[in-house]
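Examination of the molecular architecture
Below, each chain spelled out in residue letters.
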Amino acid sequence: NSTMIKITKTKLQNICALSFGQYIKASNKKGIPYLQVKNFSDNGMYLNNVDSYVNADEISENILLRQDEILFVSKGMKFFAFKYDKEMGDAVASSIFYIIKVDSTVVLPDYVTCILNHSKSISYFNQVSAGSSIPSIRKKELLDFEIFVPSMKMKKKIVDMYKIHKKEIEILEQLKEKKQVLFNQIINNFSK
């Protein structure tokens with residue numbers, strides 16, 4: 001008597017609401033971080049390098065990102081998803097991003113982020129965005145994106161694996177930077 005793992009497939013539109021980031025004239029005067037694509041690595045890691053800000057007095061509070069909202073790049077050369085965590089502090093997403101609000105009673109926001117960042121998903125987005133000088137994903141294409149919804153236990157396992165994988169990538173990136181600095185120091189010492 002074999003036990004079957006029940007996995008359903010659904011479109012993103014059935015499990016989330018979609019809105020756009022804000023188009024705001026930002027400045028370099030400290031304020032609320034105005035998130036742009038350059039603030040993330042190619043695989044969607046937050047780089048903590050914000051240099052554009054919005055004045056808290058000039059915006060309404062409802063445009064601030066909320067816990068577990070997912071940013072997804074709508075156009076450009078790199079597509080990725082990033083799940084916002086309020087531990088980062090207040091932030092506003094620029095208009096380059098879709099903001100995905102997941103129905104967390106159905107699916108974990110971390111799971112959706114993980115699936116959107118998967119290489120197969122990125123290939124899909126690259127295909128549907130092809131044909132224009134600046135690749136872009138239309139709202140309908142994102143909402144039509146199909147996602148597998150396994151059991152909650154399986155989703156949690158996938159998310160845990162994804163978090164470990166992301167941490168490993170982060171550590172490798174730091175190691176790469178340190179090795180580059182060391183290499184530069186060695187070369188500089190020789191050329192004195």
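Below: a short report on this structure. Quick caveat: nothing in here was measured; it's all calculated off a predicted structure.

**Some words on the sheet that holds strand β6 (residues 81-83)**
What the four strands build is an open sheet, ordered β2-β8-β5-β6; its pairing is antiparallel. Bordering the open sheet on either side are β2 (16-20) and β6, each of which pairs with just one other strand. Here the strands of the sheet are splayed against their neighbours by 25° on average, with no regard to which way each runs. Pairing geometry for strand β5 (residues 70-73) and strand β8 (residues 97-102), over four bridges, is antiparallel. In the strand pairing of β8, isoleucine 70 is matched with isoleucine 100.

**Observations concerning the nonpolar core**
Of all hydrophobic cores here, the largest spans 40 residues; its most connected members are Leu71, Phe72, Phe97, Ile100, Val112, Leu116 and Leu142. Mapped onto this core, the elements with two or more residues apiece are β2, β5, β6, β8, α1 (109-116), α2 (119-129), α3 (139-144) and β9 (146-149). Here the element with the most residues in this core is β8; it accounts for five residues. Contacts of phenylalanine 97, omitting those with residues within four sequence positions, involve Ser19, Phe20, Gly21, Leu35, Gln36, Val37, Phe40, Leu71, Phe72, Val73, Ser74 and Phe80. If you look at the next biggest cluster of nonpolar residues, it comprises seven residues, including Ile32, Val54, Ile59 and Leu64.

**Some details on the layout of surface pockets**
In this model, the largest pocket occupies a volume close to 630 Å³. What lines the largest pocket is a set of 21 residues, among which Met45, Tyr46, Phe82, Lys166 and Glu170 lie closest to the centre. Of all the secondary structure elements, the ones that give two or more residues to the lining of the largest pocket are β6, α1 and α4 (152-190). Considering only residue class, the lining of the largest pocket consists of seven nonpolar, five polar and nine charged. Within this model, the second largest pocket holds a volume of roughly 540 Å³. Lining the second largest pocket are 26 residues, and of these Ile115, His118, Ser119, Lys120 and Ser121 sit closest to its centre. Only α1, α2, β9 and α4 provide two or more residues apiece to the lining of the second largest pocket.

What counts as what
- Here the residue numbers are simple positions, counted from 1 along each chain's written sequence.
- Note on the predicted model: pLDDT of at least 70 is required for a residue's local features to be given, and 80 or more for side-chain atom pairs to be given and counted; whole-chain, interface and lining totals, by contrast, use all residues.
- The side-chain quantities take in all heavy atoms of the structure and omit both hydrogens and water.
- Should DSSP find at least two bridges between two strands, the strands are regarded as paired.
- Only DSSP runs of H or I with at least four residues qualify as helices, and only runs of E with at least two residues qualify as strands; both kinds are numbered from the N terminus onward.
- Orientation is described by axes fitted as lines to C-alpha atoms, over the contacting stretch for helices, and by angles from 0 to 180 degrees between their N-to-C directions.
- Each nonpolar core is a collection of buried residues, namely Ala, Val, Leu, Ile, Met, Phe, Trp, Tyr and Cys, held together in the definition by side-chain atoms within 4.5 Å.
- Categorising residues by exposure relies on relative accessible area from a 1.4 Å probe, with only protein chains included: less than 20% of the type maximum marks a residue as buried, more than 50% marks it as exposed, and the intermediate range marks it as partly exposed.
- Residues count as neighbours in contact if any of their non-hydrogen atoms are within 4.5 Å of one another.
- A 1.4 Å probe that fits but cannot get out identifies a cavity on a 1 Å grid over protein atoms alone, an open set with protein on both sides within 12 Å along at least five of seven lines counts as a pocket, and a residue lines either if it has an atom within 4 Å of a point.
- Grid points are joined across faces, edges and corners, and a volume is the space filled by probe spheres set on the points.
- Gly falls in the polar group here, along with every residue not listed as nonpolar (Ala, Val, Leu, Ile, Met, Phe, Trp, Tyr, Cys, Pro) or charged (Asp, Glu, Lys, Arg).

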